[in-house]
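What follows is each chain in one-letter form.
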Amino acid sequence: MTTSSSPAAHTEVEDPRAGLSVMDAIVVLVGVVIGIGIFGFPPLVAQHAGSEAMYIGLWCAGGLVMLVGALCYAELGSAYPGAGGEYLYLTRAWGSRVGLMFAWARCTVIQTGAIAVVAYIYGDYAQRLMPLGAHGPALHAAISVVALTALNVIGTKHSKRLQWVFTVLTLLALGAVLIASLSTTTTDSTALDAAPAALTGNPAGLMGMGMVFVLLTYGGWNEAAYLSGELRNPGRNMSRVLLIGTVVVTGAYVLTNLALLEIFGLQGLRDTPALGADVMQLAAGPYAAALLSLMICATALSTINGTIITGARVYYALGRDVPRLRGLSGWSARNATPVAALLAQGAITLALVALGAFSQNSVQTMVAYTAPVFWIFMLLVAASVWRLRQIDPDRARPFRVPLYPLPPLLLALTCAGLVYSSAVYAGAGALIGLAVLAAGVPMLRLLKPARLPG
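- Per an unreviewed UniProt entry, the protein chain is named Serine/threonine exchanger SteT, and its organism is Achromobacter kerstersii.
- You can read under Subcellular location (unreviewed entry) in the UniProt record for the protein chain the words "Membrane".

Spelled out as structure tokens, the structure:
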């Protein structure tokens, strides 16, 4: 899943330390991309795929979009390294008002929505271990947000230590699912014997929503924007990192999903809310399923914790830049953490968790809430590659997008299609997210726009 960027960096790193080798950068990129999404989103992708071929095709297409998007981010990141990420690119390309709207969107929709999505994936697995009634997943999700927000209020040092433990468990969980998938026999599986139900609705719209879930699983490739600032010889090595990293991630996802189809069939996959546990149930029995559910819960908590850490810095930075929001810039020197920002972020996230509790599919509702807004700004980032080449032609660009202008054009068109699909076919959640974004427009008159970083 995608990570946040701080909107308030006032100084650029003029001479970033180029300490990453090609292999270092590949490991970082792959580690960021492969996460909790592979345990939660395949059933949702299957619900929007009319056939097994289309299902696998969506995962292959996601790898292509990852590569094209990472190429665009790598050029932007090599030209403007370590100085605010998307906020910087949008502000430089389109002005401070667009940058401020992006900060508003991250605080109210994108970042908090992302935390809520993962909290609900956690809730689905935690409910299997400790049932809490009809609204158990929502209660587990809320508890995770409250507990991890409190942990970060106590101090960043403690949350960082926990993050290391969670990351190791994430890798162990994925390895366990892959091994179990290879060893599981499907001879007696009724799911394989059942033909997948025909899908109703516009095929293009269904595929578009399927791609939304696929690309959420691929989320994190925009970290290339930060790798390029620290990579040795980025002009030569960045393309290698992106190509090899994309092949590794796409290969892992395609192989995993082929194994899932072999085990469950397409219809069975559609009906499997906690597929990791079900794989282990088939392969090694209920105790192994419970153990993997526990590990996947740790994986989800890792993502939630990391997103809370980075997301709170967006609120803090916005409060530092905008005088009328200065209350968000409170910093605890004792605990080295932005307390007010964490509390504000936690409150908004809990409101979104409550919203999801009253929907039929909480994860899908939260994705619908974030998706149109996320892809609107991703489209603007893609267009920023062209815009910044026009208005800042003398800027040093250690890495340039190959086959320019095709990659940014392809990314922009993909984003436009995903905005349309997620807005039209995702239901009320998408409309609420767009309404919250629109509510930020009047704030441009009330709040002094953040000045251009750098």
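### Focus on a nonpolar patch on the surface
And step 1. Together, Leu129, Met130, Leu132, Leu139, Ile143, Leu291 and Leu294 give the surface a local cluster of nonpolar side chains, amounting to about 650 Å² of exposed area.
And step 2. Note on placement: Leu294 falls in helix H14 (residues 286-321).

### A few points about unusual backbone geometry
And step 1. The omega torsion of the bond from Tyr404 to Pro405 falls at 10°, within 30 degrees of zero and hence cis.
And step 2. You can see Pro405 is positioned in the loop between helix H16 (362-391) and helix H17 (406-425).
And step 3. In the Ramachandran plot, Leu403 falls in the positive-phi region, its phi being about 60° despite a non-glycine side chain.
And step 4. Tracing the sequence through the fold places Leu403 in the loop between H16 and H17.

### Focus: the nonpolar core
And step 1. One finds Phe41, Tyr55, Trp59, Ile304, Trp375 and Phe377 to be the most contacted residues of the largest nonpolar core, which totals 123 residues.
And step 2. Residues in contact with Phe377, not counting those within four places in the same chain, are Leu90, Val98, Met101, Phe102, Ala105, Ile110 and Leu437.

### Observations concerning the environment of Phe358
And step 1. Position of Phe358 relative to the elements: it lies in the loop between helix H15 (339-357) and H16.
And step 2. Between the C-alpha atoms of Phe358 and His135, which are 223 residues apart in sequence, the distance is 8.9 Å.

### Quick word on the packing of aromatic side chains
The geometry of two aromatic rings is summed up by the distance between their centres and the angle between their planes.
And step 1. Enumeration over the complete set of coordinates arrives at eight aromatic pairs.
And step 2. Look at Trp59 and Tyr218: their rings are 6.3 Å apart centre to centre, the planes differ by 45°, and that puts the pair in the tilted class. Of this pair, Trp59 sits in helix H4 (residues 52-79) while Tyr218 sits in the loop between helix H10 (203-217) and helix H11 (224-227), placing them 159 residues apart in sequence. As far as the burial class goes, Trp59 and Tyr218 line up, both buried.
And step 3. Ring geometry for Phe102 against Phe377: centres 5.4 Å apart, planes inclined by 70°, an arrangement best described as edge-to-face. Taken together, the residues Phe102 in helix H6 (residues 96-129) and Phe377 in helix H16 connect sequence positions 275 residues apart. Phe377 shares its class with Phe102; the two are buried.
And step 4. The structure contains a cluster of three or more aromatic residues connected by ring pairs, namely Tyr55, Trp59, Tyr218 and Tyr253.
And step 5. Over the face of the ring belonging to Tyr404 we find Arg389, whose NZ or CZ atom lies 3.8 Å from the ring centre.

Conventions used here
Residues numbered from 1 in each chain as written. Predicted model: local features only at pLDDT ≥ 70, side-chain atom pairs only at ≥ 80, totals over all residues. Heavy atoms only, no water. UniProt positions renumbered as here; feature names shortened; annotations may be inferred. Patch = residues over 30% accessible without salt bridge, like charges linked within 9 Å, V, L, I, M, F, W, Y side chains within 5 Å. Areas by Shrake-Rupley, 256 points an atom, 1.4 Å probe, with all protein chains shown as cover. Salt bridge = Lys/Arg side-chain N within 4 Å of Asp/Glu carboxyl O. Helix = DSSP H or I, 4+ residues; strand = E, 2+ residues; numbered from the N terminus. Core = buried A, V, L, I, M, F, W, Y, C linked by side-chain atoms within 4.5 Å. Buried < 20%, exposed > 50% of the residue type's maximum accessible area, 1.4 Å probe, protein only. Contact = heavy atoms within 4.5 Å. Phe/Tyr/Trp six-rings, centres within 6.5 Å; stacked < 30°, edge-to-face > 60°. Lys NZ or Arg CZ within 6 Å of the ring centre and 35° of its normal.

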